[in-house]
Amino acid sequence: MSAFIELEGVTKGFPVGGGVYPALRGIDLAVERGEFVAVTGPSGHGKSTLMSIIGVLDRPTGGRYRLEGVEVAGLSEDAMARLRSRTIGFVFQGFHLVPTLTALENVELPMVYARVPPAERRRRAQALLEWAGIGEHARQRPVQMSGGEQQRVAICRALALDPPLILADEPTGNLDSHSGRVVLDQLAGLNAEGRTVVLVTHDPTVAARARREVHIFDGRVEWDRRRPDAPSAAGGAGGG
Amino acid sequence: MVSAAGLGMALRAVLVNRLRSLLTILGVVIGVAAVIALTSLGRATTSRVESTVEGLGTNLLVVSPGAATATGFVSPQQAPITLAQEQALQAAVPAVDAMAPVITTAATLAYGSTSATVPTEATTVDIARVRNLRLAEGSFFSPAAQAAGAADIVLGAQAAADLFGSSDPPGAVGATVEVNGLPFTVVGVLAPLGQSGATNQDLSAFVPITTAMGELTGPADLSAIYASARSAGEMALATAEIDAALTAIQGLAPGSAPDFTVTSQTQVLSTLNTVTAELTTFLGAIAGISLLVGGIGIMNIMLVSVTERTREIGIRKAVGARRADILSQFVLEAVLLSLAGGVLGVAVGSLITLLGGRALGVAASPSASSDLVALAFSVAVGVVFGAYPAVRASRLMPMQALRYE
Ligand SMILES: Nc1ncnc2c1ncn2[C@@H]1O[C@H](COP(=O)(O)OP(=O)(O)OP(=O)(O)O)[C@@H](O)[C@H]1O
Ligand SMILES: [Mg+2]
């Protein structure tokens, strides 16, 4: 019986200078449907690298990675694009909105590539922005918005195609505590609806809201703790 | 995928960098404008040369004294061509439709206080048939007048205008003009013929050769014999007949080097055609090179924009764009850019064609077909040069692209 997300001995090396820098040195990790996982660890120890592999934004150098029971290494480019489109919603630390598009168009973007009809696309994007409390900013471009607003646009974009998995790499890292709490509440709400959420954070109070904390050190999982008493009581483990 | 959304995004990308887009398409604008202007001006010049030469009569053969060598005419010729020889020749060449002897002399024509120096041809009435001359007014001198040695003169359009003013019609027929001091009666005025190379064919006059030999030039040798073949297909036959007959008439041994030259108008025409075709090809090649340079400009900008927009490509791929989506977006942008450049280039090229045509005095107009070819070419340039950077951009893994600084 395979888990929703399943990594076995995943390694990732980056070519630097003449050699290879091992950013991940053998990650073993299994996440079930409906879990809310916080990934913590010191800077530069491989958290973002791990997230990009889970999010199918990069290929592991070694080891095995299965998503929904499917071996990702064997997938074609287009199949990987389909995974990113249907299964994964990725929220980046640096927002990563397209600067030439408005908030509404940024939220529409995943639906454009998923061939959602224009009218439906627009309606859903607007509804998502309303849900995030930034409906009045729909026509603004990213540079015309605050960091908190931009990150909420990014979350709306991640939710555009209603994916079962939300990956967020330090979503509150660039936000003040209030905006951070709003974003975090939204993510917790999504988990409560049954979505699987994996979140990278440096903030212990943020990590404390997750039911499970995975600590990365030097490219390996140093410890992996479950907290049955966590306040964000969602569906819990065992879906799938 | 060329969806409305894709088109919108490509248009947005082009418009957001207005100055850069403008600089990019400048090369294509110049290239397309050059192609349009050079080819249409070249075509206009070619067709003007052709129509001028055809105006002389396509079946025209000119027999001139002196043998042609690789370096030109041998001069002075050993044996002149005489009027008697011409008359003997007329009887011996069945493939020739009409033939006229010509003595060319520069005569001073005067009417009242006005006078002009006009290249005057002493010839027979057959010249009208040989050279396809049409009259605007009056008639050519009659065979009877020619036989009687009457002092009749036919004026070219320019000669008539110089002497009588350019009123239309000049009303010159019936007037008496002095030719080198001798009175001649104007019996006809020719319709305009136009320019032939450096020669204004309308600055001309024709008098009966019998009259001229009596009073104007005295007994003289012929400058040339003009002949027209029965049809364009019989040009070679007529040339051979003239060659053989005139060799015999001049008493040269058969097969010996002739002391005269037969030139056909088709030879001149085909030489001109070769020259103008080469010129047009050459101009087209220059224009093509400038279009190519314009295309390389597009590729450069697309490469720069790929580098600048690598993060954007990463974002698009991260939210589910397939390689084909990225590819078509960049190709679409390149096509939009080059199409805009093409349209602008057609406009500029048409303007240059009209102004240049006016300056050169030719009726040049850009043709719809060359516009279409230039447009299609500029789009092809866009696709070809837009594709390479697009392929490069679409190959990146999203994270590689997002980490790009
Ligand atoms: N493309 C790359 N080329 C070379 N080295 C890289 C590349 N990407 C990441 N690294 C290296 O891999 C290591 C892990 O990077 P990663 O971004 O995963 O760290 P992190 O845990 O997310 O840190 P932070 O908390 O600061 O975001 C770092 O030492 C980094 O320098
Ligand atoms: Mg990181």
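Since we're looking at a predicted model, the values are computed, not measured. (Residues numbered from 1 in each chain as written. Chains lettered and ligands numbered in written order. Predicted model: local features only at pLDDT ≥ 70, side-chain atom pairs only at ≥ 80, totals over all residues. Heavy atoms only, no water.)

Just checking my understanding: could you explain the sheet that holds strand β5 (residues 70-71) of chain A for this structure?
Pairing between the strands of a sheet is mediated by backbone hydrogen bonds and can be parallel or antiparallel. All names here are of chain A. Read across the sheet, four strands follow the order β2-β1-β4-β5 without closing on themselves; strand pairing throughout is antiparallel. A single partner strand is all that each edge strand has here, and the edge strands are β2 (19-31) and β5. Note: strand β1 (residues 5-16) against β2, ten bridges, orientation antiparallel. Looking at β2, one finds that Leu7 is bridged to Leu29. The sheet strands contacting helix α1 (residues 47-54) are β1, β2 and β4 (62-67), and the helix crosses β1 at an angle near 120°. (Pairing = 2+ DSSP bridges. Helix = DSSP H or I, 4+ residues; strand = E, 2+ residues; numbered from the N terminus. Contact = heavy atoms within 4.5 Å. Axes fitted to C-alpha atoms, helices over the stretch in contact; angles between N-to-C directions.)

Would you mind going over the site of ligand 1 with me for this structure?
The full set close to ligand 1 counts 15 residues, and Ser43, Lys47, Ser48 and Thr49 of chain A together with Arg403 of chain B are the nearest of them. Those residues lying near ligand 1 are distributed over chains A and B. For ligand 1, whose free accessible area comes to 630 Å², the fraction covered by protein is 73%. Mapped onto the shell around ligand 1, the elements with two or more residues apiece are β1, β2 and α1 of chain A. (Near = heavy atom within 4 Å. Areas by Shrake-Rupley, 256 points an atom, 1.4 Å probe, with all protein chains shown as cover.)

Looking at this structure, I do not really get the interface of chain A and chain B. What am I missing?
Often the size quoted for an interface is simply the accessible area lost on bringing the parts together. Taken together, the 27 residues of chain A in the interface contact 24 residues of chain B. At the boundary of chain A with chain B, total buried surface from both sides reaches about 2,400 Å², with 63% on carbon and sulfur atoms. The largest contributions to the chain A side of the interface with chain B come from Glu77, His96 and Tyr113 of chain A, which together make up 26% of the buried area. On the surface where chain A and chain B come into contact, there are three salt bridges. A salt bridge links Lys317 of chain B to Glu77 of chain A, with the nearest nitrogen and oxygen atoms 3.4 Å apart. Contributions of two or more residues to the side of chain A that touches chain B are made by α1, α2 (77-86) and α3 (103-113) of chain A. (Buried area = accessible area lost by both parts, 1.4 Å probe. Salt bridge = Lys/Arg side-chain N within 4 Å of Asp/Glu carboxyl O.)

I'm lost on the packing of aromatic side chains in this one. Help?
Two measures describe an aromatic ring pair: the distance that separates the ring centres and the angle between the ring planes. Residue and element names in this part refer to chain B. Scanning the entire structure with this criterion turns up four aromatic pairs over all chains. Pairing Tyr111 with Phe164 gives two aromatic rings, centres 4.3 Å apart and planes at 45°, and the pair type is tilted. Taken together, the residues Tyr111 in strand β4 (residues 96-111) and Phe164 in helix α6 (residues 157-164) connect sequence positions 53 residues apart. A residue is classified by how much of its surface remains accessible, and Tyr111, at 33% relative accessible area, is partly exposed. Aromatic side chains Phe140 and Phe206 sit 5.9 Å apart centroid to centroid with 50° between the ring planes, which places their arrangement in the tilted category. Residue Phe140 is located in the loop between β6 (135-138) and α5 (143-148), and its partner Phe206 is located in strand β12 (residues 205-208); the two are separated by 66 residues in the primary sequence. Summarising the burial analysis for this pair, Phe140 and Phe206 share the class buried. Grouped by ring-pair contacts, the aromatic residues Phe140, Phe141 and Phe206 constitute a single cluster. (Phe/Tyr/Trp six-rings, centres within 6.5 Å; stacked < 30°, edge-to-face > 60°. Buried < 20%, exposed > 50% of the residue type's maximum accessible area, 1.4 Å probe, protein only.)

What should I look at first to understand the pattern of salt bridges in this one?
Two side chains with opposite charge may pair up if their charged atoms get near one another. Summed over the entire model, instances satisfying the criterion amount to 23 salt bridges over all chains. A salt bridge links Glu77 of chain A to Arg323 of chain B; the nearest nitrogen and oxygen atoms lie 3.5 Å apart. Of this pair, Glu77 of chain A sits in helix α2 while Arg323 of chain B sits in helix α11 (residues 323-360), on two different chains. Given the relative accessible area of 33%, Arg323 of chain B is considered partly exposed.

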